[in-house]
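# Understanding the architecture of this molecule
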Amino acid sequence: MSLVVYLAALVFGMSSVLLLRRPRTAVRNPLTLSTCMAIVLGALVFVCAAPATLSAVNGLTGIPNFGAPLTYGMLSAYSCAVLVLLINWRGGPRERVRRMVLRSIAAYGVLVVAIVVLFVLADADTERLTDLDTYYANTPFMREMILLYLVGHSAAMLVMCVVCVKWGREVTGLLRVGLRLILWGSLLDLLGFQLAKYTAVVARWSGHDLDFLSTTLAPPMASLAALVCSAGFVLPRLLPSAVAQWRGLGDYRRLGPLWSLVKSVSTAPKPPAAWWQLPQARLQWREVSIHDALLALAPYFDHRVRERVRDTALSAGRSPHEARLAAEAAMLADAARRAAAREEPPEPAGTYRLHATEVSGTGGLVELAQALGRPPAGAAPATAGPMTEPEEPHVA
């Protein structure tokens, strides 16, 4: 069981690592910081709840069941963190957000203190690693402590459900998808983990034994609920960035032919050879280097080549934009050849701006790179040999 719980904690915690890939900027953003805090606390709840961790904590402190208030306090802190996250996510006037956050922290801070006090007052000398909730369900003070942490967690999940339903009607797109995932995770927590715990505890109060609900059913339901909630919190934040990185990788590859043509004349600093560099960072370096190379090749532009290819493309039925791209690609290829051969720049040298330098973003460079890969306008198809006149048929 401990291995399963630890794996859930690892998967849960990795989400915060993705969000904190830029720690300096993340800590200044209340939404990112509260998201990471909620996920980290959720992962710590799983770590603390594992039987191996409970046994180690009890052994280190010398206090039987000391891991119980530690786990319940951590769960209460997680409940508070998800409420704070929802408050920051919803936004509003800064003073109002700050006031609601402080109220949530104060309420759950009192709850954590009450859990510790009740544990100190209780008589719980028998160590229980998996069935403490039901074993001590009728023990004075322990009973109240167990009920208190369950009620505190239930309140947070109910608030999350209400907020997600109300807010989900007002938003669209990824935010709505994230809210639905959080709603499903909260319902799994309420109807899976918490209902199983409540049922098992109440069964003990009435003299029945339904401990399997608390020890067998509740833990996997809690893990599943937490992972679904984590996906809901992280998806709206990470998916746009992941899509942007994927598009950046595509543009980086599409610029390959253009970079191969001009890289020999680029004087831009070489990018650090780091395998962990994200596609957007690699694309930015390539864009800067290509623009630097285009400036270096500008004196070698032969406008006669450009005008000839443009006129040919227009005669072939291409649009003015396609003709311009084909002409600029041909002129650039000719300029790169001249520069590589160390020829003198053509005369007369005029000023001309490539389409790729007139538009913002990567689109212009990508179009130029794609134009380099197309056959020149009006090029004749390849033949097996020279054309010959058909022979006269031989008459016998």
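Computed from a predicted model, the values in this text were never measured in an experiment.

## Considering the side chain of E287
- By secondary structure assignment, the location of E287 is in helix α12 (residues 279-297).
- Here E287 sits buried without a salt bridge, and the closest side chain of opposite charge, R286, lies 9.7 Å off (N-O distance).
- For E287, the contacting residues outside a window of four places in its chain are L255, G361, T362 and L365.

## Topic: the packing of aromatic side chains
- Applying the stated criterion across every chain, the model contains three aromatic pairs.
- Where Y135 meets Y136, the ring centres are 4.9 Å apart and the plane angle is 80°; that geometry is what we call edge-to-face.
- A cation over a ring is seen here: R128 above Y135, with NZ or CZ 4.2 Å from the ring centre.
- Here the guanidinium or amino end of R306 rests over the ring plane of Y352, the centre of that ring lying 4.1 Å away.

## Here we look at the environment of F119
- Among the secondary structure elements, F119 is positioned in helix α6 (residues 94-121).
- Note: C-alpha distance between F119 and I146 (27 residues apart in sequence) is 9.5 Å.
- Residues within four places of F119 in sequence aside, it is in contact with I63, P64, N65, F66, P69, M142 and M145.

## Remarks on the confidence of the model for the chain
- Across the chain, the average pLDDT comes to 84, with 85% of residues at or above 70.
- Here residues 379-396 scores under 50 on pLDDT; set against residues more than four positions off or in separate chains, the count is zero contacts.

So, how was this worked out
Residues numbered from 1 in each chain as written. Predicted model: local features only at pLDDT ≥ 70, side-chain atom pairs only at ≥ 80, totals over all residues. Heavy atoms only, no water. Helix = DSSP H or I, 4+ residues; strand = E, 2+ residues; numbered from the N terminus. Buried < 20%, exposed > 50% of the residue type's maximum accessible area, 1.4 Å probe, protein only. Lys, Arg positive; Asp, Glu negative; His and termini not counted. Salt bridge = Lys/Arg side-chain N within 4 Å of Asp/Glu carboxyl O. Contact = heavy atoms within 4.5 Å. Phe/Tyr/Trp six-rings, centres within 6.5 Å; stacked < 30°, edge-to-face > 60°. Lys NZ or Arg CZ within 6 Å of the ring centre and 35° of its normal. pLDDT = per-residue confidence, 0-100.

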